[in-house]
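Descriptive analysis of the structure
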Amino acid sequence: GQTCHAYCTYCFRWAQFIGDDELRFAQKEANSLFDYLAKHEEVSDILMTGGDPMVMKTKSLAQYLEPLTDPNFLPHIKNIRIGTRSLSFWPQRFTTDADADEVIDLLRRVREEGGRHIAIMAHLSHARELSTPKVKQAINRIQKEAFATIRSQSPVMPESMTVQRFGRKNGAP
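Residues numbered from 1 in each chain as written. Predicted model: local features only at pLDDT ≥ 70, side-chain atom pairs only at ≥ 80, totals over all residues. Heavy atoms only, no water.

1. Focus: the side chain of Arg116
Here Arg116 lies in the loop between helix H5 (100–112) and strand E3 (117–122). Of the buried charged residues, Arg116 lacks a salt bridge, with Asp70 as the closest side chain of opposite charge at 6.1 Å. A polar contact is formed between the side chain of Arg116 and the backbone oxygen of Phe73, at a distance of 2.5 Å. Among the polar contacts made by the side chain of Arg116, one reaches the main-chain carbonyl oxygen of Ile77 at a distance of 2.7 Å. (Helix = DSSP H or I, 4+ residues; strand = E, 2+ residues; numbered from the N terminus. Buried < 20%, exposed > 50% of the residue type's maximum accessible area, 1.4 Å probe, protein only. Lys, Arg positive; Asp, Glu negative; His and termini not counted. Salt bridge = Lys/Arg side-chain N within 4 Å of Asp/Glu carboxyl O. Polar contact = N/O pair within 3.5 Å; in protein donor to acceptor, adjacent residues only side chain to side chain.)

2. Some remarks on H5
Helix length check: H5, at 13 residues, gives a terminal C-alpha distance of 18 Å against a target of 18 Å (1.5 Å per residue), a fit within 8%. Within H5, the full set of buried residues consists of Ala100, Val103, Ile104, Leu106, Leu107, Arg109 and Val110. Structurally, H5 contributes buried residues whose contacts are with helix H3 (58–65), strand E2 (79–84), E3 and helix H6 (133–144). (Expected span 1.5 Å × (residues − 1). Contact = heavy atoms within 4.5 Å.)

Purely geometric numbers; function is a separate question.
What follows is the structure in structure tokens.
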């Protein structure tokens, strides 16, 4: 759905805030998405956003990602990006939640078995969001166990404060 941890000024979910249900959209099941992608081989990237996909339990997230662990399924899909505030708002999603191990394993399998690039597009508003020990643990698991790339997707944070530079300077790998 269109659930998230925050209401950011740059959010694409504005339609839900003004009460216009005709402008809202949500992908409730994966088959129609996969049918569309099968007909459009020119599409190589998937961006999951419009609400925070990491709010979903791994069981729900898996209906979209599990098929992509097979390199023969939609082989033209090369890149999966997941836009999320969870890295800073709920880092436990990747570390101690009941299904944290399963989500890390799912991301790893998309990359290793499916042969696809997977990136966590961290929606960040300030460098301080990366400074807590819990966030550093989450960054470590995402990078070292899931082998996913973390990118900052923020119109506020200057380029000099990317996840990689800030994280290394403050003890993250």
